[in-house]
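# Structural overview for review
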Amino acid sequence: MPRTLIRKNPSNFKTLPLFVEATPEGLTYQSVGMPLNFSQTLQRRRPVTVDDAERFSLELANLGVSVRLTLHWQNRDYWVLVRQRRQDRGDVVLKLISGYVPAHELNLPLLTAISEIAEECLLETPEGWLGGRFNDTWLPAPYATALHYREALPFRLTPLSGSARPVRSANLQLIERPRAYVHLPTASLQLIYDLRLDVPKEAKSLSLFHVDERLEGDQLVARLDRKRPDLYLMPLQDGQPLPELYTLKKDQLYPASTRGLYLAESFAKQDGWLVRDERIRWKDWLRQQGLTPPGKESGLTRLRGKARQLLKKIVPRKVAR
């Protein structure tokens, strides 16, 4: 039975439309107009068109933020993906941890990114849930009234190298250099931060869960469903992704099915500052990355392997003279 962690009034959320100017050298955004609530923002997320992918001026519905989170656990690195049923687009995808940037954080979207990690990526041990730190700043504990957080064993977030092209909020350059793109189908500007999460070595029997807010009637509701962890790990080798997905429960990795899987638009091809697709099929993304999924062992191959093992037992080795 899913456990309700928190309920919110969506009308308390306010954001601002944006005016964006892009050139081959960089991108600048600034707020325009009056604050919008969640419903008003969704109404403005309508498809827009741009002629030049490198140079344009455009008014957009909102600023969104995502985190390409690299989790370091037991001397291995993994990208963290979460499953989301997107009510506004009527589909189910695996995506990066992400969210809408509220009006008061438009100049500091990194704060939104950090808060989204605390809200969406939950790390459980038998002694309680792990809190986190970004440098010297504690992450919020959004579900402290429902879950027991451990105080003595935080995970640590650190920034990784960012995009080569600068992004500015008005005259302020975002020093973490997030990757930026304008998503044409939803008329939104999206920023992607590269962050690393180090799990403390003392954290044993670790399980990972995703919690996401859903609009139910007139409330945003966050629930924890242990039967559907909805948080997936994609292993990395020398910094490059492998074509595999896993869930993590009590220090054990369990392979996840990729049949019929779609990834969110942040994995789709970017043209200049633009992304035109709503989503991309897992198989198409693998092909785009030059990856091939792990092949299944055929019945004939397994029989040959067993025959070799049996032959070794029956035929004695030659005695060396």
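Above this note sits the structure.
For clarity, every value in this text was computed on a predicted model and none was experimentally measured. (Residues numbered from 1 in each chain as written. Predicted model: local features only at pLDDT ≥ 70, side-chain atom pairs only at ≥ 80, totals over all residues. Heavy atoms only, no water.)

The next subject is the overall build of the protein. For the protein, the count of helices and strands is 4 helices and 26 strands. Seen through its principal axes, the protein has C-alpha atoms that stretch 90 × 50 × 40 Å. Buried positions account for 46% of the 321 residues belonging to the protein. Considering only contacts in the protein between residues 6 or more positions apart, those separated by 24 or more positions represent 64%. The average position of the 49 basic charges and that of the 36 acidic charges among the side chains of the protein differ by 11 Å. (Helix = DSSP H or I, 4+ residues; strand = E, 2+ residues; numbered from the N terminus. Buried < 20%, exposed > 50% of the residue type's maximum accessible area, 1.4 Å probe, protein only. Contact = heavy atoms within 4.5 Å. Lys, Arg positive; Asp, Glu negative; His and termini not counted. Charge placed at Lys NZ, Arg CZ, Asp CG, Glu CD.)

The 5 strands lie next to each other as E4-E2-E3-E13-E14, forming an open sheet whose pairing is mixed. Each having just a single partner strand, strand E4 (56–60) and strand E14 (172–173) make up the two edges of the open sheet. Summarising the sheet, strand E2 (residues 18–23) and strand E3 (residues 26–31) pair through 6 bridges and their orientation is antiparallel. Pairing of Thr-23 across the sheet is with Gly-26, part of E3. (Pairing = 2+ DSSP bridges.)

It is worth spelling out the packing of aromatic side chains at this point. Within this structure, the stated rule accounts for 7 aromatic pairs. On the basis of an interplanar angle of 80° and a centroid distance of 6.4 Å, the ring pair of Phe-13 and Phe-38 is categorised as edge-to-face. Here the residue Phe-13 occupies a position in the loop between strand E1 (3–8) and E2, and Phe-38 occupies one in helix H1 (residues 38–44), the gap between them amounting to 25 residues. Here Phe-38 falls in the buried class, since its relative accessible area comes to 16%. An angle of 65° between the planes, with centres 6.3 Å apart, marks the rings of Phe-13 and Tyr-100 as edge-to-face. In this pair, Phe-13 is assigned in the loop between E1 and E2 and Tyr-100 in strand E8 (residues 97–100), connecting sequence segments 87 residues apart. Three or more aromatic residues link up through ring pairs in this structure, and these residues are Phe-13, Phe-38 and Tyr-100. Above the plane of the ring of Trp-273 lies Arg-165, whose end atom (NZ or CZ) is 3.9 Å from the centre. (Phe/Tyr/Trp six-rings, centres within 6.5 Å; stacked < 30°, edge-to-face > 60°. Lys NZ or Arg CZ within 6 Å of the ring centre and 35° of its normal.)

The next point concerns helix H3 (residues 282–289). Among the residues of H3, Trp-282, Trp-285 and Leu-286 are the ones counted as buried. Viewed end-on, H3 has its buried residues packed into an arc of 100°, placing them on one side of the element. Structural note: H3 exposes Lys-283 and Arg-287 on the side pointing more than 90 degrees away from its buried face. Looking at the buried positions of H3, the neighbouring elements they touch are strand E6 (76–86), strand E20 (231–237), strand E21 (240–241), strand E24 (262–264) and strand E26 (279–281). Immediately downstream of H3, the backbone of Gly-290 shows phi near 75°, a positive value. (Arc of directions from axis to C-beta.)

Turning to the nonpolar core, a few remarks are in order. By size, the foremost hydrophobic cluster in this structure holds 56 residues, and its most contacted members are Tyr-29, Phe-56, Leu-69, Ile-117, Leu-123, Leu-157 and Leu-189. Of all the elements, strand E5 (residues 62–73) adds the most residues to this core, at 6 residues. When near neighbours in sequence (up to four residues on either side) are disregarded, Leu-189 contacts Leu-18, Val-20, Leu-27, Tyr-29, Leu-60, Asn-62, Leu-63, Gly-64, Ala-180, Tyr-181 and Val-182. With 20 residues, the next largest nonpolar core counts Leu-236, Leu-261, Leu-263 and Phe-267 among its residues. (Core = buried A, V, L, I, M, F, W, Y, C linked by side-chain atoms within 4.5 Å.)

Time to look at the pairing of strand E9 (residues 121–125). Where burial is concerned, most of E9 is hidden: 5 out of the 5 residues are buried. Covered by surrounding structure in E9 are Cys-121, Leu-123 and Thr-125 together with Leu-122 and Glu-124, the residues of both alternating faces. By the bridge criterion, 4 bridges tie E9 to strand E17 (residues 207–210) in an arrangement that is antiparallel. Pairing of Leu-122 across the sheet is with Phe-209, part of E17. Turn length for the E9-strand E10 (residues 128–134) hairpin, with the two strands adjacent in sequence and antiparallel, is 2 residues.

This next bit is on helix H2 (residues 109–120). Its 12 residues place the ends of H2 16 Å apart at the C-alpha level, agreeing with the 16 Å of an ideal helix rising 1.5 Å per residue. In terms of residue burial, H2 counts as a mostly covered element, since 10 of its 12 residues are buried. (Expected span 1.5 Å × (residues − 1).)

Another point: the side chain of Asn-37. If you trace the backbone, Asn-37 turns up in the loop between E3 and H1. Of the polar contacts made by the side chain of Asn-37, one reaches the backbone nitrogen of Gln-40; its length is 2.8 Å. (Polar contact = N/O pair within 3.5 Å; in protein donor to acceptor, adjacent residues only side chain to side chain.)

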